[in-house]
Amino acid sequence: MLRRHFVALSLSAAVLLAGAPALAPAADVKGADTLSPPQLIESMSNEIIHDVQQDPKLRSGDPEIVMQFVEEKILPHLDFKKITQSAVGRYWREATPSQRSALEQQFKQLLVYTYAGAVKQVKDQKVKMLPYREPANAQEVTVRTRVINNGEPLQLDYRLENTPAGWKIIDVNVMGIWLVDNYRSVFAQEIGQKGIDGLIATLKEKNQNLAQAKG
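A. Spatial organisation of the side chain of D79. Relative to the helices and strands, D79 is located in the loop between α4 (63-73) and α5 (80-88). K82 provides the closest opposite charge to the buried, unpaired D79, separated from it by 6.3 Å. Within the structure, the side chain of D79 is placed 3.1 Å from the backbone nitrogen of K82, a separation counted as a polar contact. Residues contacting D79, with those up to four places away along its chain left out, are E161, T163, K168, I169 and I170.

In structure tokens form, the structure reads like this:
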């Protein structure tokens, strides 16, 4: 049911992880709460690329190493509660606290498996940061980039929100498609047919299949 959207998310993960050239040791992203949105995207991408290219176990796709890497290096930069709430849309208000927790947990796990698979695709892509013209006091911004893959520029934009913990990614635009919008559509269809618990069950089944595949 979620196959088409999972493929789109996989593409975004691969491009995200290929987001910047590793020409020098990556800057430490500690203190990321003080970075501007473009600085955060660039620093994060550089650190990811550098680590993947320097670690043979990551490049080989060792499941445990990759999953740990994703948990430590990528997930802290995403606001999962906001991403899940936006993807579920109006049905979020109808969900119980336990259902909200389950939705967030299962959707987060789906993203973890997606990014873990994308780590193995990191090679020598480069990123071009496009001009950033958001107001200094903006609380939600878009950082636009173009990933150069074999000479072909691919659109990759990030939507970030200013939180008490610093700027967090809340959506990704891959070649004109905002992924939260895509998931909102498929989640609404799933909830309409099976209810909120049905969506949770579908996500759980997807994650179980991915876990078995990574075995």
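B. Seen up close, helix α2 (residues 37-54). Helix length check: α2, at 18 residues, gives a terminal C-alpha distance of 26 Å against a target of 26 Å (1.5 Å per residue), a fit within 8%. Within the sequence span of α2, burial applies to P37, P38, L40, I41, S43, M44, S45, N46, E47, I48, I49 and V52.

C. Structural view of the packing of aromatic side chains. Following the criterion strictly, the structure yields 3 aromatic pairs and no others. One aromatic cluster is present, built from ring pairs that chain together F107, Y183 and F187. One residue, R159, lies across the ring of W178, its end atom 3.9 Å from the ring centre.

D. Region of interest: the pairing of strand β4 (residues 166-174). Counting buried positions along β4 yields 9 of 9 residues, so the element is predominantly enclosed. With 8 bridges joining them, strand β3 (residues 152-163) and β4 adopt antiparallel strand pairing. Its bridge partner lying in β4, E161 is registered against K168. Turn length for the β3-β4 hairpin, with the two strands adjacent in sequence and antiparallel, is 2 residues.

Thresholds applied
- Residues numbered from 1 in each chain as written.
- Predicted model: local features only at pLDDT ≥ 70, side-chain atom pairs only at ≥ 80, totals over all residues.
- Heavy atoms only, no water.
- Helix = DSSP H or I, 4+ residues; strand = E, 2+ residues; numbered from the N terminus.
- Buried < 20%, exposed > 50% of the residue type's maximum accessible area, 1.4 Å probe, protein only.
- Lys, Arg positive; Asp, Glu negative; His and termini not counted.
- Salt bridge = Lys/Arg side-chain N within 4 Å of Asp/Glu carboxyl O.
- Polar contact = N/O pair within 3.5 Å; in protein donor to acceptor, adjacent residues only side chain to side chain.
- Contact = heavy atoms within 4.5 Å.
- Expected span 1.5 Å × (residues − 1).
- Phe/Tyr/Trp six-rings, centres within 6.5 Å; stacked < 30°, edge-to-face > 60°.
- Lys NZ or Arg CZ within 6 Å of the ring centre and 35° of its normal.
- Pairing = 2+ DSSP bridges.

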